[in-house]
Amino acid sequence: MNSVLIIIQARLGSTRFKKKVILPITKYPSIVYQYKRIEKIINYAKIVVAIPNNENNAELKNILKQHEIEYFEGSENNVFKRFYDCANIFNPKFVVRLNGDCPLISCSTIDECINAIYKTNVDYISTILNNNFPLGEHVEVFTMKALKRAHKMKLNEKEIEHVTPIFYKEKSTFKCEAIRKIHIFPKDLRLCIDYPEDYDLICKIADYFFPKIDYDLLDIIKLLNNRSELMNINSKFKKSRRI
């Protein structure tokens with residue numbers, strides 16, 4: 001049993017930007033690019049992509065198969081159930097949740113979160129509770145025990161769709177902590193893919209570092225500080241924590 005399980009949530013049916021998780025970034029589909037950026041973590045963690053079990057996501061499933069990436073199929077509408085059922089198969093000590101529309105998440109951020117939860121007595125720790133990390137550097141880590149407790153609770157629509165709000169909304173039940181700020185970065189930096197302009201920026205970043213793929217968040221920040229005009233590509237979209 002791996003003590004850490006990383007689950008990347010992905011689907012093709014985004015309402016704002018369909019099929020964004022399979023758009024090409026350098027020579028890979030986005031979801032594969034994201035996987036390869038964190039692939040070295042398999043030395044101590046298992047990585048699984050959790051996708052909806054329906055024909056609408058067959059193309060995503062085939063891409064994962066083609067690149068020999070392990071995946072789990074579950075409910076599309078009840079995302080909490082898909083996530084929980086996936087985690088329950090492997091029953092790790094800690095679960096890491098990543099969004100499949102954040103292809104530039106860095107290993108160092110994941111490591112920071114995992115190391116932090118090992119050292120603390122909390123149920124949940126993440127980069128999304130404040131503005132200490134850029135939008136798109138979404139990493140959430142929580143205990144499997146906490147996930148099992150949440151599974152027994154009555155969840156509202158938002159908690160079913162977004163999985164983790166139950167942790168930081170029920171502060172009397174779960175101990176939560178935000179990761180400390182590590183880097184200084186441009187205030188409105190967006191590294192997620194919600195809109196075509198976001199995708200454009202991410203492609204330009206990836207092309208700059210190509211063929212290297214495991215560049216770090218600090219490398220991205222240095223690039224954008226030196227080439228601030230790149231920030232204009234998606235600057236019209238306001239930063240939102242979406243929690």
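Residues numbered from 1 in each chain as written. Predicted model: local features only at pLDDT ≥ 70, side-chain atom pairs only at ≥ 80, totals over all residues. Heavy atoms only, no water.

Attention now moves to the packing of aromatic side chains. For the structure on display, the rule yields nine aromatic pairs. Three or more aromatic residues joined by ring pairs make a cluster, and in this case those are Phe83, Tyr124, Phe142, Phe167, Tyr168 and Phe174. One cation-aromatic arrangement involves Arg37 over Tyr215; the distance from NZ or CZ to the ring centre is 4.4 Å. (Phe/Tyr/Trp six-rings, centres within 6.5 Å; stacked < 30°, edge-to-face > 60°. Lys NZ or Arg CZ within 6 Å of the ring centre and 35° of its normal.)

Another aspect to go through is the layout of surface pockets. In this structure, the second largest pocket encloses a volume near 160 Å³. Surrounding the second largest pocket, Lys93, Phe94, Ile117, Thr120, Asn121, Val122, Asp123, Thr143, Met144, Lys145 and Lys175 form its lining. Residues belonging to the lining of the second largest pocket are distributed by class as follows: four nonpolar, three polar and four charged. (1 Å grid on protein atoms, 1.4 Å probe; cavity = no way out; pocket = protein on both sides within 12 Å on 5 of 7 lines; lining within 4 Å. Points joined across faces, edges and corners; volume = space filled by probe spheres on them. Nonpolar A, V, L, I, M, F, W, Y, C, P; charged D, E, K, R; others polar.)

Take the state of the cysteines next. All chains considered together, the criterion is met by zero disulfides. With no disulfide of its own, Cys102 has Cys192 as its nearest cysteine by sulfur position, at a separation of 5.6 Å. Left unpaired, Cys107 is separated from the closest cysteine sulfur, that of Cys113, by 12 Å. Judged by its relative accessible area of 9%, Cys107 falls in the buried class. (Disulfide = S-S within 2.5 Å. Buried < 20%, exposed > 50% of the residue type's maximum accessible area, 1.4 Å probe, protein only.)

Scanning all chains against the criterion turns up 14 salt bridges. Two residues, Asp194 and Lys20, come together in a salt bridge whose shortest N-O distance is 3.6 Å. Placement of the pair is Asp194 in the loop between β9 (176-178) and α8 (196-209) and Lys20 in the loop between β1 (4-9) and β2 (24-25), with a sequence separation of 174 residues. What makes Lys20 buried here is its relative accessible area of 8%. When salt bridges that share partners are traced, they join Lys20, Asp101, Arg190, Asp194 and Asp198 into one network. (Salt bridge = Lys/Arg side-chain N within 4 Å of Asp/Glu carboxyl O. Helix = DSSP H or I, 4+ residues; strand = E, 2+ residues; numbered from the N terminus.)

We now examine helix α2 (residues 58-66). Along α2, the residues classified as buried are Leu60, Ile63 and Leu64. On an axial view of α2, the arc spanned by its buried residues comes to 100°, and they lie on one face. Buried residues belonging to α2 abut β3 (28-29), α1 (30-38), β4 (46-52) and β5 (71-74). (Arc of directions from axis to C-beta. Contact = heavy atoms within 4.5 Å.)

Ordered in space as β5-β4-β1-β6-β8-β7-β9, the seven strands form an open sheet in which the pairing is mixed. Unpaired on one side and paired on the other, β5 and β9 mark the two borders of the sheet. Neighbouring strand axes in the sheet, compared pairwise and without regard to direction, differ in orientation by 25° on average. Here five bridges tie β1 to β4, and the two strands are oriented parallel to one another. (Pairing = 2+ DSSP bridges. Axes fitted to C-alpha atoms, helices over the stretch in contact; angles between N-to-C directions.)

With burial as the criterion, only one face of β5 is covered, namely that bearing Phe72 and Gly74; the residues Tyr71 and Glu73 on the opposite face remain uncovered. Here four bridges tie β4 to β5, and the two strands are oriented parallel to one another. When the bridges of β5 are listed, Pro52 appears paired with Gly74. Each parallel crossover has a hand, and for β4 linked through α2 to β5 it is right-handed. (Right-handed = clockwise from strand over helix to strand, strands pointing away.)

Mapped onto the fold, Arg82 is located in helix α3 (residues 79-90). It turns out Arg82 is buried and unbridged, and the closest side chain with the opposite charge, Glu76, is 6.0 Å from it. There is a polar contact of 3.1 Å between the side chain of Arg82 and the backbone oxygen of Ala50. (Lys, Arg positive; Asp, Glu negative; His and termini not counted. Polar contact = N/O pair within 3.5 Å; in protein donor to acceptor, adjacent residues only side chain to side chain.)

With that settled, the discussion passes to the environment of Asp85. In this fold, Asp85 is placed in helix α3. For Asp85, a relative accessible area of 26% corresponds to the partly exposed category. Distance in space between the C-alpha atoms of Asp85 and Glu73 is 9.3 Å, their sequence separation being 12 residues.

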